[in-house]
Amino acid sequence: MDNLVNSKALVTGATKGIGLAVTKMLLKDGVEVNALGRDFSRFSENTLADFVGDSLQQIQCDLSNLQALEKALTTLPRDIGLLVLNAGFGRFGGLEQFSFAQIKEVVDTNLVSNLYLLKHYLPLMKANGGGDIVLVGSESALQGAKAGSVYCASKFAIRGLAQSIRAECANSNIRVNLVNPGPTDSQFFDQLNFAPMQGRDFVLDPEDVQQAIYAALQQPRHVVTEEINLQPMKRSFQKNKAR
Ligand SMILES: NC(=O)c1ccc[n+]([C@@H]2O[C@H](COP(=O)([O-])OP(=O)(O)OC[C@H]3O[C@@H](n4cnc5c(N)ncnc54)[C@H](OP(=O)(O)O)[C@@H]3O)[C@@H](O)[C@H]2O)c1
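A quick note: this is a predicted structure, and the numbers were derived from the prediction, not measured.

Asks: Describe in detail the overall build of the protein chain, supporting the description with residues and values.
Replies: Of regular secondary structure, the protein chain possesses six helices and nine strands. Against the compact-globule benchmark of 18 Å for 243 residues, the protein chain has a radius of gyration of 17 Å, which places it among compact chains. Each of the three principal axes of the protein chain carries a C-alpha extent, and together these read 45 × 35 × 35 Å. Long-range contacts, defined as pairs at least 24 residues apart, comprise 71% of the intrachain contacts of the protein chain with a sequence gap of at least 6. Carbon and sulfur atoms form 49% of the exposed surface of the protein chain, whose accessible area is close to 11,800 Å².

What follows is the structure in structure tokens.
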């Protein structure tokens, strides 16, 4: 990819869904990917087999465990030119139904881990001459909804974070993009009691989100695609029969 400061990326939540689609796109384009996630059991077969090795490193880390993340940061490559902060999960329901531990897991995974990663990488990117940051937010970063208090809080905060660091980094050749997908056909819904209706009009593919990210990164370096909001043509949800 021509417009990156260097061809080394870190992608969180790279093992499946949107992060996996981004990982494949980057590898195809000659970018070295440090792929972070917890479960790599199906990663090799899902990724382009040819790339496992030099250009694809696996980093096993549970981002809900902030102490483990703090330790892992000391071992991660320092010369990252593209940071794709995508890992996250949904947990929905009335706030009263959540335990304190459940609230903490959502907020630590979806928000605080990204603050840690950015606190670590911003000075390194500045020292290396710049970089690109892509944050994967959500439609839940834009609009609150019934049963969405905890997830929306974590994603609204990502939007404020993106806006703030964009302003902080404007003189450092660091572009900050926020992508807010609507319902996307990934394993996100596996643990939820609802899912989008099946059919192309009702759900995005992870590749649709990946293409939007790619288009933003392909812009000339002085162009910042601040925010991309993506939705399927129609909205309708059904009960998740598996739950
Ligand atoms: N799907 C949607 O409808 C939708 C809509 C809007 C926004 N999003 C956002 O898009 C992002 C990607 O989700 P997806 O749709 O691709 O879902 P997915 O298929 O479930 O993928 C989620 C990714 O995040 C990783 N992850 C989750 N918890 C983690 C943890 N504690 N530590 C490290 N990695 C963790 C998972 O890796 P492991 O399982 O290997 O840990 C996986 O690679 C999330 O931030 C999600 O909130 C999704």
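Asks: Talk me through the environment of N240; I want residue IDs and the actual numbers.
Replies: Summarising the element assignment, N240 is placed in the segment after β9 (237–239). Separated by 226 residues in sequence, N240 and A14 have C-alpha atoms that sit 24 Å apart. Once residues lying within four places of it in the same chain are set aside, the contact partners of N240 are F189, D190, L192, N193, F194 and A195. From its side chain, N240 meets the backbone oxygen of F189 in a polar contact 2.8 Å long.

Asks: Tell me what's going on with the pairing of strand β1 (residues 8–12), and back it up with residues and numbers.
Replies: For β1, the tally of buried residues reaches five of five residues, placing the bulk of the element in the interior. Residues K8, L10 and T12 point to one face of β1 and A9 and V11 to the other, with burial holding for every one of them. Note that β1 and strand β2 (residues 32–37) share five bridges and pair parallel. If you follow V11 over to β2, its bridge partner there is A35. The parallel pair β1 and β2, bridged by helix α1 (residues 17–28), forms a crossover whose chirality is right-handed. Where β1 meets strand β4 (residues 82–85), three bridges bridge the pair, whose relative direction is parallel. Each bridged residue has a counterpart across the sheet, and for L10 the counterpart in β4 is L83.

Asks: Before we move on, can you summarise the site of the ligand with the specific residues and values?
Replies: By nearness alone, 30 residues border the ligand, and T15, K16, R38, Y151 and S186 come closest of all. Side-chain polar atom of Y151 to an oxygen atom of the ligand: 2.6 Å apart, as the coordinates give it. The protein chains hide 96% of the 880 Å² of surface that the ligand would expose on its own. Only α1 and α5 (149–169) provide two or more residues apiece to the shell around the ligand.

Asks: So what's going on with helix α3 (residues 66–73)? Which residues, and what values?
Replies: Taken together, the buried positions of α3 are occupied by L66, L69, A72 and L73. Looking straight down α3, one finds its buried side chains confined to an arc of 115 degrees; they lie on one side. Turned more than 90 degrees away from the buried face of α3 sit Q67 and K71, all of them exposed.

Asks: Hey, could you go over the pattern of salt bridges for me, with residue numbers and the actual values?
Replies: Counting across every chain of the model gives ten salt bridges. Among the ionic pairs, E105 bridges to R91, the shortest N-O distance being 3.2 Å. One end of the pair, E105, is in helix α4 (residues 100–127); the other, R91, is in the loop between β4 and α4, and 14 residues separate them in sequence. A salt bridge links R221 to D132, with the shortest nitrogen-to-oxygen separation between them at 2.8 Å. With R221 in the loop between α6 (206–218) and β8 (227–230) and D132 in strand β5 (residues 131–136), the pair connects residues that are 89 residues apart, well separated along the chain. Accessibility expressed as a relative area gives 0% for D132, which makes it buried. Bridged by salt links that share partners, the residues D132, R175 and R221 form one connected network.

Criteria and thresholds
- Residues numbered from 1 in each chain as written.
- Predicted model: local features only at pLDDT ≥ 70, side-chain atom pairs only at ≥ 80, totals over all residues.
- Heavy atoms only, no water.
- Helix = DSSP H or I, 4+ residues; strand = E, 2+ residues; numbered from the N terminus.
- Rg over C-alpha atoms; globule rule 2.2 N^0.38 Å.
- Contact = heavy atoms within 4.5 Å.
- Areas by Shrake-Rupley, 256 points an atom, 1.4 Å probe, with all protein chains shown as cover.
- Polar contact = N/O pair within 3.5 Å; in protein donor to acceptor, adjacent residues only side chain to side chain.
- Buried < 20%, exposed > 50% of the residue type's maximum accessible area, 1.4 Å probe, protein only.
- Pairing = 2+ DSSP bridges.
- Right-handed = clockwise from strand over helix to strand, strands pointing away.
- Near = heavy atom within 4 Å.
- Arc of directions from axis to C-beta.
- Salt bridge = Lys/Arg side-chain N within 4 Å of Asp/Glu carboxyl O.

Limitation: the analysis is restricted to geometry and does not speak to function.
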